[in-house]
Amino acid sequence: MNPVLKPYDDVELSGCLEEDVSLFLTRHQRPITAEHSIRVGKKARELAIRFGADADQAEAAGYLHDVSAIFPNDERIEVSRQLGIEVLPEEEKFPMIIHQKISRVMARELFRITAEPILSAVECHTTLKKSSSLLDRIVFVADKIEWDQSGTPPYLDHLLKQLDRSPSHAALVYLEFLWDRRDTLKVLHPWAEAAYKELLAELD
């Protein structure tokens, strides 16, 4: 195990990922993130059943997507480098956004997840990415429905309407929401831009 993660290898895995992730995040002073993650896991499972993806994998990715919240923003770039993660200029400028990549490594190292579809969905849950799978899109959308801020997301009504068409249409709503505000965002992650342009062409 990478030395930067060794101090956090403190949850004896029970076989119930929901309980393990909740315990892990709560133990490391992230109870709100724990609650959010459980909601995302359950929503991802619901959407996977609805749209024909692997429900167990969707649920697992939802539970695991924010386990990297234990690292403060000002530590994430250094942690990423120690884990051998490529750091993009946009991530260097806005470290919050690299948490998705850290969560992928933590899911594998700390929670012993080896299924690539789960790891992929964890890795792109904030931005999506080019050539995303149905599972990637479902977890991405579940995270945007069960967002971790106060109040109601401004895009939610439109996203839910488009979800009646497909997870891809719903994902495009959020990506378009970002794209339309790209000049006021700290960064527009290149994965999000690539996913937006790909979905726009795919669904046109």
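These figures come from a predicted structure and were not determined experimentally.

Asker: Mind showing me how you'd approach the overall build of the protein chain here?
Answerer: Check the secondary structure of the protein chain and you find eleven helices and zero strands. When the helices and strands of the protein chain are read in sequence order from the N terminus, they spell out α-α-α-α-α-α-α-α-α-α-α. Its C-alpha radius of gyration of 16 Å places the protein chain within 12% of the 17 Å reference for a compact globule of 204 residues. Overall, the C-alpha framework of the protein chain stretches about 45 × 35 × 30 Å when taken along its three principal axes. Taking all contacts inside the protein chain whose residues are at least 6 apart in sequence as the whole, residues at least 24 apart take part in 59%. Counting 25 positive and 35 negative side-chain charges, the protein chain places the centres of these two groups 2 Å from one another.

Asker: Would you explain helix α10 (residues 167-180) in this entry?
Answerer: Note that an α-helix has 3.6 residues per turn; residues three or four places apart therefore point the same way. Here α10 contains 14 residues, and its C-alpha end-to-end distance of 20 Å stays within 8% of the 20 Å for a straight helix at 1.5 Å per residue. The element α10 is extensively covered by neighbouring structure, given that twelve of its 14 residues are classed as buried. For α10, every residue scored as buried is listed here: P167, S168, H169, A170, A171, L172, V173, Y174, L175, F177, L178 and W179. In the core, the buried residues of α10 are packed alongside α2 (31-51), α8 (134-145), α9 (156-163) and α11 (190-203). The N-capping residue of α10, defined by a side-chain oxygen 3.2 Å from the backbone nitrogen of S168, is S166.

Asker: Which parts of the structure should I look at to understand α2?
Answerer: Compared with the 30 Å implied by 1.5 Å per residue over 21 residues, the 30 Å span of α2 between its first and last C-alpha is a close match. For α2, the set of buried residues is T33, A34, H36, S37, I38, V40, G41, K43, A44, L47 and A48. Lining the buried residues of α2 we find α1 (17-27), α3 (55-64), α8 and α9. Where α2 terminates, the next one or two residues include G52, which has phi positive at roughly 85°.

Asker: What's the story with the pattern of salt bridges in this structure? I'm lost.
Answerer: Two side chains of opposite charge can pair, provided their charged atoms sit close to one another. With the rule as written, the count across this model stands at 16 salt bridges. Across the salt bridge formed by R112 and D9, the nearest N and O atoms sit 3.9 Å from each other. Residue R112 is located in the loop between α6 (99-109) and α7 (116-123), and its partner D9 is located in the segment before α1; the two are separated by 103 residues in the primary sequence. Looking at R112, the relative accessible area reads 47%, which means it is partly exposed. As a salt-bridge pair, E18 and K42 come within 3.3 Å of each other at their nearest N and O atoms. One end of the pair, E18, is in helix α1; the other, K42, is in helix α2, with 24 residues separating them in the sequence.

Asker: Even after reading the chapter, I still don't get the environment of A53, so can you show me in this structure?
Answerer: Topologically, A53 is positioned in the loop between α2 and α3. As a C-alpha pair, A53 and L134 span 81 residues in sequence and 6.8 Å in three-dimensional space. Residues in contact with A53, not counting those within four places in the same chain, are A48, L134, L135 and I138.

Asker: In this structure, what is going on with the nonpolar core? I would like to understand it.
Answerer: In summary, soluble globular proteins display a tendency toward joint burial of nonpolar side chains. Core analysis: the biggest nonpolar cluster contains 67 residues, and F24, L64, M106, F111 and V141 have the highest contact counts within it. Excluding residues that lie within four positions of it along the chain, M106 makes contacts with L5, F24, V67, S68, I70, F71 and F111.

Asker: I'm lost on the packing of α8 against α10 in this one. Help?
Answerer: To characterise two packed helices, one gives the angle between the axes of the helices and the distance between these axes. Direction vectors running N to C along α8 and α10 enclose 50°, while the axes themselves pass 9 Å from each other. Regarding the angle of α8 to α10, the classification is oblique. With respect to the hand of their crossing, α8 and α10 are arranged in left-handed fashion. Contacts between α8 and α10 involve L134, R137, I138, F140, V141 and K144 from the former and P167, S168, A170, A171, Y174 and L175 from the latter.

Asker: Explanation requested: the packing of α3 against α8 in the structure shown.
Answerer: Their axes nearest at 10 Å, the elements α3 and α8 cross at an angle of 45°. Viewed along their axes, α3 and α8 adopt a mutual orientation that is oblique. With respect to the hand of their crossing, α3 and α8 are arranged in right-handed fashion. Across the interface between the two elements, Q57, A58, A61 and G62 from α3 touch L135, I138 and V139 from α8. Here the contact of α3 with α8 is composed, by residue class, of five nonpolar, two polar and no charged.

Calculation rules
- Residues numbered from 1 in each chain as written.
- Predicted model: local features only at pLDDT ≥ 70, side-chain atom pairs only at ≥ 80, totals over all residues.
- Heavy atoms only, no water.
- Helix = DSSP H or I, 4+ residues; strand = E, 2+ residues; numbered from the N terminus.
- Rg over C-alpha atoms; globule rule 2.2 N^0.38 Å.
- Contact = heavy atoms within 4.5 Å.
- Lys, Arg positive; Asp, Glu negative; His and termini not counted.
- Charge placed at Lys NZ, Arg CZ, Asp CG, Glu CD.
- Expected span 1.5 Å × (residues − 1).
- Buried < 20%, exposed > 50% of the residue type's maximum accessible area, 1.4 Å probe, protein only.
- Polar contact = N/O pair within 3.5 Å; in protein donor to acceptor, adjacent residues only side chain to side chain.
- Salt bridge = Lys/Arg side-chain N within 4 Å of Asp/Glu carboxyl O.
- Core = buried A, V, L, I, M, F, W, Y, C linked by side-chain atoms within 4.5 Å.
- Axes fitted to C-alpha atoms, helices over the stretch in contact; angles between N-to-C directions.
- Parallel < 35°, antiparallel > 145°, perpendicular 65-115°, else oblique.
- Left-handed = near helix turned anticlockwise from the far one by under 90°.
- Nonpolar A, V, L, I, M, F, W, Y, C, P; charged D, E, K, R; others polar.

It is worth stressing that arrangement in space is one thing and function is another; only the former is reported here.
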